[in-house]
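What the coordinates show
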Amino acid sequence: NAKIATIDKTSDGDRFSYCMRNNGAVAIKDDMIVWVGDADAIPAEYKDAAKFPYHDLEGRLITPGLIDCHTHVVHGGNRAVEFEMRLEGAGYEEIARAGGGIVSTVTATREADVDQLLKSALPRVDALLAEGVCVIEVKSGYGLDRETELNMLRAARKIEEVRAVRIKTTFLGAHATPAEFKGEPDRYIDEVCIPTLRAAHAEGLVDAVDGFCEGIAFNTDQIARVFDVARELDIPVKLHAEQLSNIGGTKLAASYGALSIDHVEYANEDDAKAMAASGSVAVLLPGAFYTLHETQLPPIEAFRKHGVPMAVATDCNPGTSPLMSILLTMNMSCTFFRLTPEEALCGATAHAARALGLDDTGQVKEGMRADLAIWDVSHPAELSYRIGFNPLFDRIFGGVSMKS
Ligand SMILES: O=C(O)CC[C@@H]1NC(=O)NC1=O
Ligand SMILES: [Fe+3]
C-alpha cells in the first residue's frame, strides 16, 4: 500500500501531471515509490542503486494504474450459443424463449458456489491485470435470489486475497426480475432485492448500489425504492441508465447524487445538466454499444459542454459486452464515441477512480497510492490507438512491481 512520496517537478508532464509522465523513472525503497519523474532528472541521492534499486524505465511512459470501473466479471456460464443464434438471425424474443439472455446466466450462476464463481472469474481478472489494471469494480446481479447474490459478492471480495488488485463491489440485485417472479417486479424488489441488500450490507459486502433502469428491467419508482434503502444504509449509488431508451433513469440517479451513471447512450442535454449539478461521472461502455450494434451515441458534446467527467469501462458481462480489454475499450471510446486519447486515458484512470468514489488512486500525484502502469510507448495516444495490442512493460501495485 505504498504511496508516491515525490514527483519530479522538472518533468514536462505538467499538462498531464494527473495522468502520465514521459521518459519515466521511479525510485523504489522498501517497496515504497519514493520518486517518480524523468529518467534524466533523477536526484543524485536516488542514484545509489544499492540503497534505491530504482528502475530506470529507459524512457518508457508512466501512467496511473488503470481502473475498470464497471464490470460483471463474476458470473456463471457463458452465452456463446446465444451469440451464434443471434448471428443466425434469432431475435431477442426467440433467444429469451430458448432460455437465453440474463436468465441463462442466472441459472448457471445459481448452480455455482463461491469458489467456483471465483475460479471462473480469475481468467477475466487476469486479462485486465495484464493490461495494467489496479482497481476493478465487480457487480452482483446474476443471482437474483438472496444466497446467490451474496455468493457473487463474497466471490468478488475473495479476488483480493488471490490477486494484487483492489476490488470495489456493487450490489446489482435490481438487474432483472427472475423467472419465479415473472411479471411481478415490485414483489421481487420488496421480497428479495431489498432484504438481500440489507443482508449484503450487514456482511460488509457492498461498496455501492446499482440498478438497471430500462423498459426491459426496472422503472424509476422501483429503482427509487432500492436507492432509498441505499441512502438509509449510507451506501453510494450508481445506475445503468438510458442504455436502450430514455425513461428518466439519469435524472433519478442524479437526484440521489449518484457516483456514476452508466451506458447513457440515450441521455440528453438536460440529463447532462443534471449530472453536472450532481457531480456524477458518465461511464461510457462501448463494448455493449458494439455488441448490440447500437447506433445511438452518448451525448459526448453535452458532457464536455457541462463539464461532466467521462469514464470508460469494459462492462465485462457474458451477454452484451463479453469484453476483457480496457485498452480495446479505450480504443472503442475514441473510434465510436470520438473521445480524444487523453479523454480515454483519463476515463480509465482519474475519472474511473471518481466513478468509484476513490480519491487515493487514478493519478500520478504525491500522496496517491503508488498504483502505476509502465508502457513501452513514447506517446500516451498509443494506448488508445492500437487495436488488440498490449504494450504494458510493468504494473506497480501499491509500490510493488509485478516484475519483481
Ligand atoms: O445480458 C446480460 O447478461 C447483461 C446485460 C447488461 N446488463 C445491463 O444492465 N445492461 C446490459 O447490457
Ligand atoms: Fe453493466
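Figured I'd write up the structure that's included with this text.

Quick word on unusual backbone geometry
Despite not being glycine, Leu144 has its phi angle at roughly 60°, a positive value. Given a relative accessible area of 1%, Leu144 falls into the buried group.

Quick word on the coordination of the iron ion (ligand 2)
Around a metal, the ideal angle is 109.5 degrees if four donors adopt a tetrahedral arrangement and 90 or 180 degrees if six donors adopt an octahedral arrangement. Those donors, His70 (NE2), His72 (NE2), His240 (NE2) and Asp315 (OD), are the protein atoms that reach the iron ion (ligand 2), and they lie 2.1 to 2.3 Å from it. For the iron ion (ligand 2), the four donor atoms are set out with angles of 81 to 164° between them, so the coordination reads as irregular. Coordination of the iron ion (ligand 2) draws on donor residues from a single chain, spaced H-x1-H-x167-H-x74-D in sequence. Of the two residues, His240 sits in strand E9 (residues 238-241) while Asp315 sits in the loop between strand E12 (310-312) and helix H12 (326-335), which places them 75 residues apart along the sequence. As far as the burial class goes, His240 and Asp315 line up, both buried.

Description of the site of ligand 1
Around ligand 1 sit Arg79, Ile102, Tyr142, His175, Phe212, His240, Gln243, His263, Asn317, Gly319 and Thr320, and that is every residue in its neighbourhood. For ligand 1, an oxygen atom lies 2.7 Å from a polar atom in the side chain of Arg79. The separation between an oxygen atom of ligand 1 and a polar side-chain atom of Thr320 is 2.7 Å. Relative to its unbound accessible area of 320 Å², ligand 1 is 96% covered by the protein chains. For the shell around ligand 1, the per-class residue count stands at three nonpolar, seven polar and one charged.

Some points on the packing of helix H5 (residues 146-162) against helix H6 (residues 185-202)
Across the interface, H5 lies against H6 with an axial gap of 9 Å and an inter-helix angle of 40°. Taken together, the axes of H5 and H6 lie oblique to each other. Seen along the crossing, H5 lies across H6 with a hand that is right-handed. Each of Arg146, Glu149, Leu150 and Leu153 in H5 lies in contact with H6, whose residues at this interface are Val192, Pro195, Thr196, Ala199 and Ala200. Within the contact of H5 with H6, the residues separate by chemical class into six nonpolar, one polar and two charged.

Thoughts on the state of the cysteines
Summed over the entire model, instances satisfying the criterion amount to zero disulfides. Counting only cysteine sulfurs, Cys193 is the nearest neighbor of Cys213, a cysteine outside any disulfide, at a range of 13 Å. According to the relative accessible area criterion, Cys213 is buried, its value standing at 1%.

A word on the sheet that holds strand E15 (residues 400-401)
Here we have four strands laid out as an open sheet, ordered E4-E13-E14-E15, and antiparallel in their pairing. Two strands bound the open sheet, and with one partner strand each, they are strand E4 (61-64) and E15. One ladder, built from four bridges, connects strand E13 (residues 372-375) with strand E14 (residues 392-397); its direction is antiparallel. Residue pairing for E14: Ile374 is matched across the bridge by Asp394.

Brief notes about helix H7 (residues 220-232)
Along an α-helix, a turn takes 3.6 residues, which lines up residues three or four apart on a common side. With 13 residues, H7 should reach 18 Å at 1.5 Å per residue; the first-to-last C-alpha distance of 18 Å fits that figure. Along H7, the positions that sit buried rather than exposed are Gln222, Ile223, Ala224, Val226, Phe227, Val229 and Ala230. Taken together, the buried residues of H7 touch strand E7 (166-174), H6, strand E8 (208-213), E9 and helix H8 (249-255). Where H7 begins, the capping side chain belongs to Asn219, and its oxygen is found 3.0 Å from the backbone nitrogen of Asp221.

Considering helix H9 (residues 269-278)
Looking only at H9, the buried set comprises Asp271, Ala272 and Met275. Looking straight down H9, one finds its buried side chains confined to an arc of 100°; they lie on one side. For H9, the secondary structure elements touched by its buried residues are H8, strand E10 (260-263), strand E11 (281-284) and helix H11 (300-305). For H9, the side-chain oxygen to backbone nitrogen distance between the N-cap and Asp270 is 3.1 Å, and the N-cap itself is Asn268. At the exit of H9 stands Gly279, carrying a positive phi of roughly 75°.

A few points about the packing of aromatic side chains
Evaluation of the coordinates by the stated rule reveals six aromatic pairs. Put simply, the rings of Phe289, Tyr290, Phe336 and Phe337 touch in pairs and so form one group of aromatic residues. Over the aromatic face of Phe397 sits the side chain of Arg369, whose NZ or CZ is 4.7 Å from the ring centroid.

Overview of the packing of H6 against H7
At a minimum axis distance of 10 Å, the contact between H6 and H7 shows a crossing angle of 20°. On the basis of the axis angle, H6 is roughly parallel to H7. For H6 against H7, the interelement crossing comes out right-handed. Note on element contacts: H7 touches H6 through Gln222, Arg225, Val226, Val229, Ala230 and Glu232, opposite Pro185, Asp186, Ile189, Asp190, Cys193, Ile194, Leu197 and Arg198. Tallied by class, the residues present in the contact of H6 with H7 amount to eight nonpolar, one polar and five charged.

The rules behind the values
- Residues numbered from 1 in each chain as written.
- Chains lettered and ligands numbered in written order.
- Predicted model: local features only at pLDDT ≥ 70, side-chain atom pairs only at ≥ 80, totals over all residues.
- Heavy atoms only, no water.
- Buried < 20%, exposed > 50% of the residue type's maximum accessible area, 1.4 Å probe, protein only.
- Donors = N, O, S within 2.8 Å, 3.2 Å for Na, K, Ca; no water.
- Tetrahedral: all angles 85-135°; square planar, octahedral: opposite > 155°, others 65-115°.
- Helix = DSSP H or I, 4+ residues; strand = E, 2+ residues; numbered from the N terminus.
- Near = heavy atom within 4 Å.
- Polar contact = N/O pair within 3.5 Å; in protein donor to acceptor, adjacent residues only side chain to side chain.
- Areas by Shrake-Rupley, 256 points an atom, 1.4 Å probe, with all protein chains shown as cover.
- Nonpolar A, V, L, I, M, F, W, Y, C, P; charged D, E, K, R; others polar.
- Axes fitted to C-alpha atoms, helices over the stretch in contact; angles between N-to-C directions.
- Parallel < 35°, antiparallel > 145°, perpendicular 65-115°, else oblique.
- Left-handed = near helix turned anticlockwise from the far one by under 90°.
- Contact = heavy atoms within 4.5 Å.
- Disulfide = S-S within 2.5 Å.
- Pairing = 2+ DSSP bridges.
- Expected span 1.5 Å × (residues − 1).
- Arc of directions from axis to C-beta.
- Phe/Tyr/Trp six-rings, centres within 6.5 Å; stacked < 30°, edge-to-face > 60°.
- Lys NZ or Arg CZ within 6 Å of the ring centre and 35° of its normal.

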